[in-house]
Amino acid sequence: GSFPAAAVQGLAVTPEHTQHGADGMQTVLRVIPMPADRGIGRRITTGWLLAKLDQAGAVLPSGLFGRAAVLTSCDSLDIQLPVYMGDCVTFRAVVVEADALAATVRLQVLAEKRGETQQQEVMCVRMRYVAVRDGEDGTGPGEAFRFNA
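Residues numbered from 1 in each chain as written. Predicted model: local features only at pLDDT ≥ 70, side-chain atom pairs only at ≥ 80, totals over all residues. Heavy atoms only, no water.

K.L.:
Is there a simple way to explain the pattern of salt bridges in this structure?
P.N.:
Where side chains of opposite charge bring their charged atoms close, a pairing between them can arise. One pass over the structure, following the stated rule, counts one salt bridge. For the salt bridge of Asp87 with Lys113, the shortest nitrogen-to-oxygen distance reads 2.8 Å. Within this pair, whereas Asp87 is found in the loop between strand E4 (69-74) and strand E5 (88-98), its partner Lys113 is found in the loop between strand E6 (102-112) and strand E7 (119-133), the two being separated by 26 residues in sequence. Here Asp87 and Lys113 have matching classes, each one buried. (Salt bridge = Lys/Arg side-chain N within 4 Å of Asp/Glu carboxyl O. Helix = DSSP H or I, 4+ residues; strand = E, 2+ residues; numbered from the N terminus. Buried < 20%, exposed > 50% of the residue type's maximum accessible area, 1.4 Å probe, protein only.)

K.L.:
Explanation requested: the side chain of Asp99 in the structure shown.
P.N.:
Locating Asp99 in the fold gives a position in the loop between E5 and E6. For Asp99, a relative accessible area of 14% gives the class buried. Within the structure, Asp99 has its side chain in polar contact with the backbone nitrogen of Leu101 (distance 2.8 Å). Polar contacts involving the side chain of Asp99 include one to the main-chain amide nitrogen of Ala102, which spans 2.8 Å. (Polar contact = N/O pair within 3.5 Å; in protein donor to acceptor, adjacent residues only side chain to side chain.)

K.L.:
Whenever I open this one, the pairing of E7 confuses me. Can you help?
P.N.:
Put simply, side chains in a regular strand alternate between the two faces of the sheet. Where E4 lies against E7, five bridges are found, and the strand directions are antiparallel. Across the sheet, Ala69 pairs through a bridge with Ala131, a residue of E7. Bridge count for E6 against E7 is 11 bridges, and the pairing is antiparallel. The partner of Glu112 across the bridge, within E7, is Gln119. Following E6, the chain reverses through six residues before pairing antiparallel with E7; Gly115 in that reversal takes a positive phi of roughly 85°. (Pairing = 2+ DSSP bridges.)

Structure representation (structure tokens):
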């Protein structure tokens, strides 16, 4: 089924899983890259951006599942603007489809340059997450319920 619904296969959809902005997105992460995150000059590496994108994307599915979520796929990435050291980077997300074990999230990345008050879009992407099963003895990282969700 698709999200939102009153309940999805026993998964309760609560107000905190619904949207807060007029565009249906909510801020899930804000971060300022530091000197260690830069590549050449003041520009932040794409690897740093992708790692933060993965972290931000897992916030809503983890809340829906009540457990950790792992990224299994994403659509094409089109980075429209570079991110620089000192920019305030905001990650906004909305769940566009979900069931009890998998969720698709649309993410928007915005950057606010130092000394400016307006945010500019860096990228938009759709990412798919699946719930992670707890380790049998509680010590292992577990495994994805289904990897090709």
